[in-house]
Amino acid sequence: MGRLFGTDGVRGVANADLTAELALGLSVAAAHVLGEAGTFEGHRPVAVVGRDPRASGEFLEAAVVAGLASAGVDVLRVGVLPTPAVAHLTGALGADLGVMLSASHNAMPDNGIKFFARGGHKLADELEDQIEHVYEQHRTGAPWDRPTGAGVGRVHTYDAGLDQYVAHLISVLPNRLDGLRIVLDEAHGAAAAVSPEAFRQAGAQIVTIGAEPDGLNINDGCGSTHLDLLKAAVVEHGADLGIAHDGDADRCLAVDHTGAEIDGDQILAVLALAMRERGALREDTVVATVMSNLGFKLAMEREGIHFVQTSVGDRYVLESMKEHGYALGGEQSGHVIILDHATTGDGTLTGLLLAARLAETGRTLQDLASVMERLPQVLVNVRDVDKSRVSTSAELAAAVSDAERELGETGRVLLRSSGTEPLVRVMVEAADIEQARSIAGRLADVVKSALG
């Protein structure tokens, strides 16, 4: 059996790859691995379980709840809420573990299971490996001690989760949003009720789109992966900005008053300056991945803010932040982590803080985001090559060195291997888009010849 856990939980086509049997089995295993602390401390373990609106989440939630309760875990069902809300409630309610059913920005047929440890923190690889190991033991027939009678877990619906989470969001805002008109695109996803309520309570005048989930329309032509509707709505309604989430609302992208896209790097830059001004940017440092635009790095250097780079993936950003005590990090895709107030990327919190900066300064988002200039990025996928030799090919290394000399200080080259395909991604950034295209094309040819 290959590793079940990917970079963000276990995902697959619901009822094909991700079955009710798998969800139940993983939940039993997670109860044994993550619920032991509660047992050792003399109380029955407690789990918080939430989901996004996908139709498949209904049967998968039932399977997860059944697995947890059968293993002696009390379950608090919080219903449809964003991933960061489930993480927050796991910590706030003192639960031993949390479970979120979502496939984030993926299309509706997919779904996923994400586990949180005590405090609402993402699992380290070691814990995921333990869960897989226990799951495999049970799957192959190893007996486990099944509680009976009063020992089985009890299941409760926890209706206060939405209000509790919204109150948390409002409590951390540095100022109100009175006077702002904001369009919110909820991707027909998990934040369809939460985000509008939070922005209303913060004082904003809002227009919502993509806020009518029916279980089948999540991420369908809307949300952070499809910004055209939001751009048009911002211009139509004369809004100050637009905010877009993905299906589980752990991402946030934005649109300024002209309808221009503001990506995760630009949002990070705006928030970094705002947090430093308030004394909240610890070590004057922001964390982002190697895929962040070079323009972000140059802007942070110019503003005197340190920039720490990690591998691609918000989990690596989070690991660096926790290890060194940094307060802000994120990805170009819109995963933004404000560690003082969230244990994971939180799209609603990010949007609120971005809007708060507009209200505080009286400046437009276009003006605030101009702190960094996005350099053109050209990405070429080279397929059917031996990606394992990317770091050892002398021919490729020489070609990359030549390209970097040609680009100088205002450009860069990045080669990445796909995690699942025989594929190498060639990314070139340069102030001149034609130069970037030319270099990317030449490097792609070298990758094909050297690794093909």
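What follows covers the layout of surface pockets. What the largest pocket holds in volume is close to 1,100 Å³. In terms of lining residues, the largest pocket is bounded by 31 residues, among which Thr 7, Val 312, Gly 313, Glu 331 and Arg 416 are the most central. With 3 residues, strand S17 (residues 377-383) is the single largest residue contributor to the lining of the largest pocket. Size it by volume and the second largest pocket reaches roughly 230 Å³. Lining the second largest pocket are 15 residues, and of these Lys 122, Leu 123, Ala 124, Arg 315 and Glu 319 sit closest to its centre. Only strand S5 (110-117), helix H5 (125-139) and helix H11 (314-324) provide two or more residues apiece to the lining of the second largest pocket. For the lining of the second largest pocket, the element with the most residues is H11, which contributes 4 residues. Looking at the lining of the second largest pocket, its residues break down into 5 nonpolar, 2 polar and 8 charged.

Moving on, we get to the pattern of salt bridges. What the rule picks out here adds up to 29 salt bridges. Here Arg 442 and Glu 406 are joined by a salt bridge, their closest N and O atoms 2.8 Å apart. Here Arg 442 is found in helix H15 (residues 433-451), whereas its partner Glu 406 is found in helix H14 (residues 394-407), with 36 residues between them in sequence. Look at Arg 442 and you get partly exposed, because its relative accessible area is 41%. Among the charged side chains, a network of salt bridges with common partners joins Asp 8, Arg 11, Lys 114, Lys 122 and Asp 314.

About the criteria used
- Residues numbered from 1 in each chain as written.
- Predicted model: local features only at pLDDT ≥ 70, side-chain atom pairs only at ≥ 80, totals over all residues.
- Heavy atoms only, no water.
- 1 Å grid on protein atoms, 1.4 Å probe; cavity = no way out; pocket = protein on both sides within 12 Å on 5 of 7 lines; lining within 4 Å.
- Points joined across faces, edges and corners; volume = space filled by probe spheres on them.
- Helix = DSSP H or I, 4+ residues; strand = E, 2+ residues; numbered from the N terminus.
- Nonpolar A, V, L, I, M, F, W, Y, C, P; charged D, E, K, R; others polar.
- Salt bridge = Lys/Arg side-chain N within 4 Å of Asp/Glu carboxyl O.
- Buried < 20%, exposed > 50% of the residue type's maximum accessible area, 1.4 Å probe, protein only.

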